Amino acid sequence: MKVKVTLLFTQYDRQLCMTDFSHINIFFTDSFKFPSCYLGSKHPEEALEKIYAENFLTDQSWFCPQLSGFRKTDLDEHEIVYSSSRPIIPNLNKTGQFKNMIDITSQEIEIEPYYEQLLRLHNFIII
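The following refers to the structure shown. (Residues numbered from 1 in each chain as written. Predicted model: local features only at pLDDT ≥ 70, side-chain atom pairs only at ≥ 80, totals over all residues. Heavy atoms only, no water.)

Per the stated rule, a full pass over the model turns up 12 aromatic pairs. Seen from their ring centres, F27 and F56 are 4.6 Å apart, and the 50 degrees between their planes marks the pair as tilted. Taken together, the residues F27 in strand β2 (residues 24-28) and F56 in the loop between α1 (44-55) and β4 (66-74) connect sequence positions 29 residues apart. Taken as a pair, F27 and F56 share a single burial class, namely buried. Joined through ring pairs, the aromatic side chains of F9, F27, Y52, F56, W62, F63 and F98 make up one cluster. Directly above the ring of Y38 sits K2, whose terminal nitrogen or CZ lies 5.5 Å from the centroid. Stacked on the ring of Y115, the Lys or Arg R71 has its end atom at 5.2 Å from the ring centre. (Phe/Tyr/Trp six-rings, centres within 6.5 Å; stacked < 30°, edge-to-face > 60°. Helix = DSSP H or I, 4+ residues; strand = E, 2+ residues; numbered from the N terminus. Buried < 20%, exposed > 50% of the residue type's maximum accessible area, 1.4 Å probe, protein only. Lys NZ or Arg CZ within 6 Å of the ring centre and 35° of its normal.)

Moving on, we get to the layout of surface pockets. Space left empty within the atom packing is revealed by a probe, the size of a water molecule, rolled over the atoms. Its volume calculated, the largest pocket comes out at about 190 Å³. What lines the largest pocket is K4, T6, F28, F32, K33, F34, S36, E110, I111, E112 and Y115. Among the residues making up the lining of the largest pocket, the classes are represented as 5 nonpolar, 2 polar and 4 charged. (1 Å grid on protein atoms, 1.4 Å probe; cavity = no way out; pocket = protein on both sides within 12 Å on 5 of 7 lines; lining within 4 Å. Points joined across faces, edges and corners; volume = space filled by probe spheres on them. Nonpolar A, V, L, I, M, F, W, Y, C, P; charged D, E, K, R; others polar.)

Turning our eyes to something else, we now look at the nonpolar core. Ranked by internal contacts, the top residues of the largest apolar core, which has 17 residues, are V5, L7, F9, L48 and F56. Listed by contribution, the elements that provide at least two residues to this core are β1 (2-12), α1 and β5 (77-87). The contacts of V5, once residues within four sequence positions are left out, are P35, S36, C37, L39, A47, L48, I51, I80 and Y82. L8, F28, M101 and Y114 belong to the second largest nonpolar core, which has 14 residues in total. (Core = buried A, V, L, I, M, F, W, Y, C linked by side-chain atoms within 4.5 Å. Contact = heavy atoms within 4.5 Å.)

Bringing the pattern of salt bridges into the picture now. Opposite charge on two side chains allows them to pair when their charged atoms are near. Going through the model one piece at a time under the given rule, you end up with 5 salt bridges. Between R71 and E112 there is a salt bridge; the shortest N-O distance is 2.6 Å. Separated by 41 residues along the polypeptide, R71 in strand β4 and E112 in the loop between α2 (101-106) and α3 (113-121) bring together distant segments of the chain. We note a salt bridge from R120 to E116, for which the minimum N-O separation is 2.7 Å. Of the two residues, R120 and E116 both sit in helix α3, 4 residues apart, roughly one turn of that helix. Three or more residues joined by partner-sharing salt bridges are found here, namely R71, E79 and E112. (Salt bridge = Lys/Arg side-chain N within 4 Å of Asp/Glu carboxyl O.)

Shown next as structure tokens:
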């Protein structure tokens, strides 16, 4: 059985109203996916460390991830999803990019309904 660890990471702009579509920025890899890796013989915390090291320039303790979901994705695969949200910090990411809801809509970036539901649970507006 394979276990995939995925991180839903968002940044928010405290100076904007929560209903402003630019208030929340969602992190995507360069291929417009959420960062993830497979556990193998690692613990979930080690998988998250790998995701942080590959994608971000800040200390992992800053993220404070919360377990947001667990699902069976295939016959022999499961997925653990963590979420984290922090205020905007410029130049945080090594790779990938942050997109606000206007960018996501205009560039037709698809967010899988499962991930969309998890983002909505944390009071993020998804259009």
